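Letter by letter, the chains look like this.
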Amino acid sequence: MDLPDFNQLEVTSEYTNPFSEHRVVVPETDLAQVAYYAITNGGLTPVIKEELRNTIQRKRLESGEHALTVTFMEPKLEQLTPEEEERRGIRRERNRLAAQKCRSKKKMRADYLILDAQKLECSNTELRRQIRQLKAEKQKLWDILKEHLETCPKSLHGVTL
């Protein structure tokens, strides 16, 4: 699929200013760039966000309000006093040790659970083996009892096996 050059594409929004009754055309080059990004990367979320931003701006302009401008300022880095630096270092060290202890406990719990699961699997295997053995013994005893009832003159009357 051949994509047009979105840098040359002009996308606009038109609205009527309620105070002057003139039609105003606002270029939306950001929307064209976002659309290009969405087409090439397969996601519509940036397009939806940009369209919402443009809709909000258009409604603000239609109602006579100024357009919103967003400026991002870098956060100011505050200089800490030596005492604050020391407290921060101590707090970080305590946090590091607590995190290490927590990870160690978590690993021990996981190891314990693995060993417990292995023990339970062995126990389960042994119990299943015993069940098979007892079923075989039961069948053997039933066979002996049937054979005995067929040959014994003092067989139990009314007993069915």
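Above this text is the structure in question.
The structure presented is a predicted model; accordingly, all values stated were derived computationally and were not measured.

Trainee: So what exactly am I meant to see when it comes to the overall build of the protein here?
Mentor: For the protein, the count of helices and strands is 3 helices and 2 strands. When the helices and strands of the protein are read in sequence order from the N terminus, they spell out β-β-α-α-α. Carbon and sulfur atoms form 57% of the exposed surface of the protein, whose accessible area is close to 14800 Å².

Trainee: What is the right way to read a positive patch on the surface from this model?
Mentor: On the surface, Arg87, Arg88, Arg91, Arg92 and Arg94 cluster together into a positively charged patch. Following the sequence through the fold, arginine 91 ends up in helix H3 (residues 82-151).

Trainee: I'm lost on a negative patch on the surface in this one. Help?
Mentor: Where like charges cluster on the molecular surface, the negative patch consists of Glu78, Glu83, Glu84, Glu85 and Glu86. Tracing the backbone through its elements, the reader meets glutamate 84 in helix H3.

Trainee: Hey, could you run me through the pattern of salt bridges in this one?
Mentor: As a working rule, side chains carrying opposite charge can pair if their charged atoms are close by. Counted by the stated rule, this structure contains 4 salt bridges. Across the pair arginine 60 and glutamate 65 runs a salt bridge, and its minimum N-O distance is 2.9 Å. Looking at arginine 60, the relative accessible area reads 22%, which means it is partly exposed. Measuring nitrogen to oxygen at the nearest pair gives 2.4 Å for the salt bridge that ties arginine 129 to glutamate 126. Pair noted here: arginine 129 and glutamate 126 are both in helix H3, with a separation of 3 residues, about one helical turn.

Trainee: I would appreciate a short explanation of the side chain of asparagine 54 in the present structure.
Mentor: In this structure, asparagine 54 sits in helix H2 (residues 45-62). Among the polar contacts made by the side chain of asparagine 54, one reaches the side chain of arginine 53 at a distance of 3.4 Å.

Trainee: Just checking my understanding: could you explain the side chain of glutamine 57 for this structure?
Mentor: As for its placement among the helices and strands, glutamine 57 is situated in helix H2. Setting aside residues up to four positions removed in sequence, glutamine 57 forms contacts with Ala67 and Leu68.

What counts, and where the lines are drawn
Residue positions are given per chain, counting from 1 as you read along its sequence in written order. Side-chain atom pairs in this predicted model are given and counted only at pLDDT of 80 or more, local residue features only at pLDDT of at least 70, and totals for whole chains, interfaces and linings cover all residues. With hydrogens and water set aside, each side-chain value is computed from the structure's full complement of heavy atoms. Strands are runs of DSSP state E lasting at least 2 residues, helices are runs of H or I lasting at least 4, and numbering of each runs from the N terminus. Accessible surface is estimated by sampling points in the Shrake-Rupley manner with a 1.4 Å probe; for residues, cover comes only from the protein chains shown. Residues enter a patch when their relative accessible area is above 30% and they make no salt bridge; the linking distance is 9 Å between like charges and 5 Å between nonpolar side chains (Val, Leu, Ile, Met, Phe, Trp, Tyr). Every case where a carboxyl oxygen of Asp or Glu lies within 4 Å of a side-chain nitrogen of Lys or Arg is listed as a salt bridge. When charges are counted, Lys and Arg are positive and Asp and Glu negative, with His and the chain ends excluded. Where a charge lies is defined by one atom per residue type: Lys uses NZ, Arg uses CZ, Asp uses CG and Glu uses CD. Only protein chains enter the calculation, and the probe is 1.4 Å; a residue is then buried if its accessible area is under 20% of its type maximum, exposed if over 50%, and partly exposed in between. For this analysis, a polar contact is any N or O atom pair within 3.5 Å, provided that within protein one partner can donate a hydrogen and the other can accept it, and provided that sequence-adjacent residues contribute only side-chain to side-chain pairs. Note on contacts: a residue pair is in contact if any heavy atoms of the two residues lie within 4.5 Å.

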